[in-house]
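# Results of the structural survey
Single-letter residue listing:
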Amino acid sequence: MRGTALAAATMAGVLALAGCAKDTGGSNNNASGSDGNAGSNCITAPKPPAAPAAATSSSAASGKVDGSKLKVGLAFDVGGRGDASFNDAAAAGTDRAKTDLGVPTVNESTASASESEAAKQQRLEQMAQQGLNPIIAVGFAYAPSVKAVAAKYPNTKFAIVDDDSITLPNVTPLVFAEEQGSFLAGVAAAYKSKKCHVGFVGGVNTPLIQKFEAGFLQGAKAVSSKIKIEDEYLTPAGDFSGFQDPPKGNAKAAAEISRGADVVYHAAGASGKGVFDAAKQNNALAIGVDSDQYNQKTVAADKDVIITSMIKRVDVAVFEYLQAVAKGDLSTVPKRFDLKADGVGYSTSGGKVDDIKDVLDGYKAQIISGAIKVSDKPAK
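Criteria and cut-off values
Residues numbered from 1 in each chain as written. Predicted model: local features only at pLDDT ≥ 70, side-chain atom pairs only at ≥ 80, totals over all residues. Heavy atoms only, no water. UniProt positions renumbered as here; feature names shortened; annotations may be inferred. Pairing = 2+ DSSP bridges. Helix = DSSP H or I, 4+ residues; strand = E, 2+ residues; numbered from the N terminus. Axes fitted to C-alpha atoms, helices over the stretch in contact; angles between N-to-C directions. Contact = heavy atoms within 4.5 Å. Buried < 20%, exposed > 50% of the residue type's maximum accessible area, 1.4 Å probe, protein only. Right-handed = clockwise from strand over helix to strand, strands pointing away.

An unreviewed UniProt entry annotates the protein as BMP family ABC transporter substrate-binding protein originating from Amycolatopsis echigonensis. In its Subcellular location (unreviewed entry) section, UniProt records this for the protein: "Cell membrane". Per its UniProt entry, the protein bears the Sequence similarities (unreviewed entry) comment "Belongs to the BMP lipoprotein family."

Given below as structure tokens:
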């Protein structure tokens, strides 16, 4: 009897393990289309209610606005135009302003990873001296410099992405609910994981990137009580090289994959290319950030492993700010670019999350309605 019981217990354990690790992309799990995902055996939460048929967004309509008198200064964060992420999204906003608003001039300049505060301040001051107005600083690292320079040039309008600490009347904050979009990335990762094991790679361990981490962890755990999560950063706070070190991103992601993660989400700027490379090299999947990275030329070689991206619509924020300046009415700029304002979201390029779009939109609707509150602080 003891031997029979032991054999039965062993068989039950084998079957349980097989159920968790099974590749459910086969015959039955995708047949209905109701939750046709690779990792449905990982999912323990009920499917959320369907989202409303009509799009839910308070993003301002563009209309016909004349921006031909604007001379825009765009101060990029580390990585600059071509980072396939955060800075490119900002550039897309000014590019659209040229086309839609007739903005004639955009003067661009890029920060380096190790530059001093004085260098940042000098960059902004030179733009103000050149008569550029408005000036947009891309990234919270510019906050001290924006505060100093904006005080010296009260007739010049400034905007800063990812910081709302400056209370000067000529400074407009452009801030986002990164945690809300990242919640949807966590849901997607859990649904697409075959091993019920996912990973997060942050660039620099700052309160801002912790918002991405927090939403991702909460989203994955919301749909699966069984999910395992790898959770690491490339560099500590103050070392901004974590946003432009693809080899380090590759090594960190590869290590997470070696420990069992088969879907990895990055919030690491240009270092994300290394994360994508690691996913491709190790037969895993990845989730991009900020821009729709499936369509980014600089990571095109890895597009087949990018299942979605957490869209942070810096392009929308920059464009709507420039549109508001051109109209002379900054009150139209949202206080926070969240899911409701179309400030964050997820991409569908490549069709890899089409089978769970109703699930993602259901959670999106619950977040917009307030039924789900997403924390901006990671819960380990």
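Read from one edge of the open sheet, six strands run 7-6-8-9-10-11, paired in mixed fashion. Since the sheet does not close on itself, it has two edges, and those belong to strand 7 (228–235) and strand 11 (344–346), each with one partner. Going across the sheet, the axis of each strand differs from the next one's by a mean of 15°, ignoring polarity. Relative to strand 7, strand 6 (residues 197–204) runs parallel, the two being bridged by seven bridges. Its bridge partner being in strand 7, V204 is matched across the sheet by T235. Seen against the sheet, helix 5 (residues 178–192) touches strand 6, strand 8 (263–267), strand 9 (285–290), strand 10 (306–312) and strand 11 and runs at an angle of roughly 170° to strand 10. The strands that helix 8 (residues 272–281) touches are strand 6, strand 8, strand 9 and strand 10; relative to strand 9, the one it contacts most, it runs at about 165°.

Moving on to the pairing of strand 4 (residues 158–161). Where burial is concerned, the two faces of strand 4 agree: the one with F158 and I160 and the one with A159 and V161 are both buried. Between the parallel elements strand 3 (residues 135–138) and strand 4, the chain passes through helix 4 (residues 143–152) in a crossover that is right-handed. Inspection of the sheet shows strand 4 paired to strand 5 (residues 171–174) by four bridges, in the parallel sense. Residue V161 lies in a different strand from strand 5, and its bridge partner there is L174.

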